Amino acid sequence: RTVYVNGDYLPETEAKVSIFDRGFLMADAVYEVTSVLGGKLIDFQGHAARLQRSLGELEMISPVTMDELLEIHHQLIARNDLDEGGIYLQITRGAGPDRDFVWPDPEEVKGGIVLFTFAKKLTAGKSLDEGIKVVSMEDIRWGRRDIKTTQLLYPSFAKMQAKKKGAADAWLVEDGFVTEGSSNNAYIVKDGVIITRQLSTDILHGITRASILKFAAEAQMKVEERPFTIEEAQQADEAFATSATGFSQPVVEIDGVRIGDGKPGPVSRRLREIYMEEMP
Ligand code: PDD
């Protein structure tokens, strides 16, 4: 693979970052994952806007403009001949002279930037045909989940716990209500109404979520943005999760309880179809 690191396109084996990079030492970094279908970027503008917001909230300065960032995405797709998969992008606060809790002056220390592509089948697979099982886990992440930072140890830990229990993902629960999945937004459907938690600092403002809710409204589907419990989810007609790399992923079991008839439901399937038609 050809990757991009701090201004250069290099073979992945030659790409290097400093051991003092704050992304590495302190997870002092923000990221985005944009999917690629048929060689085309899906919703780059949405991801770029959220990236700028994440950077702003953390008083970080991007080392590249958003136009340059788009060009780097296009270059990486072309250089790697990427048809289906995604692009990972990470911007860090850069490498200070030492490890320090105090941020370096952005005038003196430039941010670090890394991008790489990954090939992945997004349009088909067993998890889409059969749906996935999830288990609930306490949400003990920090309180600014609206900022897309690389502090991913807990989501990674939660997913591992889920795997140990024979499930594919964890749905995180705070004060009795589902916040979101380990790396996706969570939804249930009851009597034709799509229910998903409202936007706040408690969850990531999913780019796929925004598109899916827009398409749902255009298709005259009813949407309620409010919190729901695991018990309510277990009694729902269907459940699903959305993310850039999963689009709309059916969920068929929560904590060992089957949702509906235990098969992917019609609403998540329909939303997936609309999304795949409208987005590329
Ligand atoms: N995850 N919530 C969390 C905690 C996420 O990490 C993600 C994305 C989402 C969905 O956001 P979007 O629709 O913009 O992808 C929600 C990415 C895909 C990841 O970490 O790989």
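Residues numbered from 1 in each chain as written. Predicted model: local features only at pLDDT ≥ 70, side-chain atom pairs only at ≥ 80, totals over all residues.

Undergrad: Which residues make up the overall build of the chain, and what values go with them?
TA: Scanning the chain for helices and strands turns up eight helices and 15 strands. Expected size for 280 residues packed as a compact globule is a radius of gyration near 19 Å; at 19 Å, the chain falls within 12% of this value. By its C-alpha atoms, the chain is 55 × 40 × 35 Å across when sized along the principal axes. Across the 280 residues of the chain, 38% fall into the buried class. (Helix = DSSP H or I, 4+ residues; strand = E, 2+ residues; numbered from the N terminus. Rg over C-alpha atoms; globule rule 2.2 N^0.38 Å. Buried ≥ 20, exposed ≤ 12 C-beta atoms within 10 Å, placed from the backbone.)

Undergrad: So what's going on with the site of the ligand? Which residues, and what values?
TA: In the vicinity of the ligand lie 14 residues, with Leu204, Gly206, Ile207, Thr208 and Ala244 positioned nearest. A total of three residues in the shell around the ligand trace back to one element, the largest contributor, which is helix H6 (residues 207-218). (Near = placed C-beta within 6 Å.)

Undergrad: Can you break down helix H2 (residues 44-57) residue by residue, with the values?
TA: Over its 14 residues, H2 runs 20 Å from end to end, which matches the ideal 20 Å to within 8%, given 1.5 Å per residue. Buried residues in H2 make contact with strand S3 (29-37), strand S4 (40-41), helix H3 (66-79) and H6. Directly after H2, the chain includes Glu59, whose backbone phi takes a positive value near 55°. (Expected span 1.5 Å × (residues − 1). Contact = placed C-beta atoms within 7 Å.)

Undergrad: Lay out helix H8 (residues 266-278) with the relevant residues and their values.
TA: Here H8 is 13 residues long and its end C-alpha atoms lie 18 Å apart, about the 18 Å a rise of 1.5 Å per residue gives. Of the surrounding secondary structure, the elements contacted by the buried residues of H8 are strand S10 (185-190), strand S11 (193-196), H6, strand S13 (238-243) and strand S14 (247-254).

Undergrad: Tell me about the packing of H6 against H8, and please be specific about residues and values.
TA: Axes are the key here: two packed helices are described by the angle between their axes and the distance separating the axes. Contact geometry of H6 with H8 gives a least axis separation of 10 Å together with a crossing angle of 105°. Between H6 and H8, the crossing angle belongs to the class labelled roughly perpendicular. For the pair H6 and H8, contact is made by Ser211, Ile212, Phe215 and Ala216 and by Leu271, Ile274, Tyr275 and Glu278, respectively. Class assignment for the residues of the contact of H6 with H8 results in six nonpolar, one polar and one charged. (Axes fitted to C-alpha atoms, helices over the stretch in contact; angles between N-to-C directions. Parallel < 35°, antiparallel > 145°, perpendicular 65-115°, else oblique. Nonpolar A, V, L, I, M, F, W, Y, C, P; charged D, E, K, R; others polar.)

Undergrad: Tell me what's going on with the sheet that holds S3, and back it up with residues and numbers.
TA: The strand order across the open sheet built from six strands is S2-S1-S6-S5-S3-S4, with neighbouring strands paired in antiparallel fashion. Of all the strands in the sheet, just strand S2 (8-11) and S4 have a single pairing partner and so form its edges. In the sheet, strand S1 (residues 2-5) pairs with strand S6 (residues 112-119) via two bridges, with the strands oriented antiparallel. Looking at the pairing, Tyr4 lines up with Leu115 of S6. Together, S3, S4 and strand S5 (85-92) form the strand contacts of H2, whose direction differs from that of S3 by roughly 175°. (Pairing = 2+ DSSP bridges.)

Undergrad: Let's hear about the pairing of S2: which residues, and what values?
TA: Bridge count between S1 and S2: four bridges; the pairing is antiparallel. Within S2, the position partnered with Val3 by the bridge is Leu10. The hairpin turn running from S1 into S2, its antiparallel successor, is two residues long, and Asn6 in that turn takes a positive phi close to 40°.

Undergrad: Any details on the domain arrangement of the chain? Residues and values, ideally.
TA: What the domain assignment reports for the chain is domain 1 (2-119) and domain 2 (126-278). With 18 residues of domain 1 at the interface, the matching set in domain 2 holds 11 residues. Taken together, the elements giving at least two residues each to the side of domain 1 that touches domain 2 come down to S3, H2 and S5. Sort the elements by how many residues they give to the side of domain 1 that touches domain 2 and S3 lands first, with seven residues. Of the residues contributing to the side of domain 1 that touches domain 2, the split by class is six nonpolar, eight polar and four charged. (Domains from an automatic or database assignment.)

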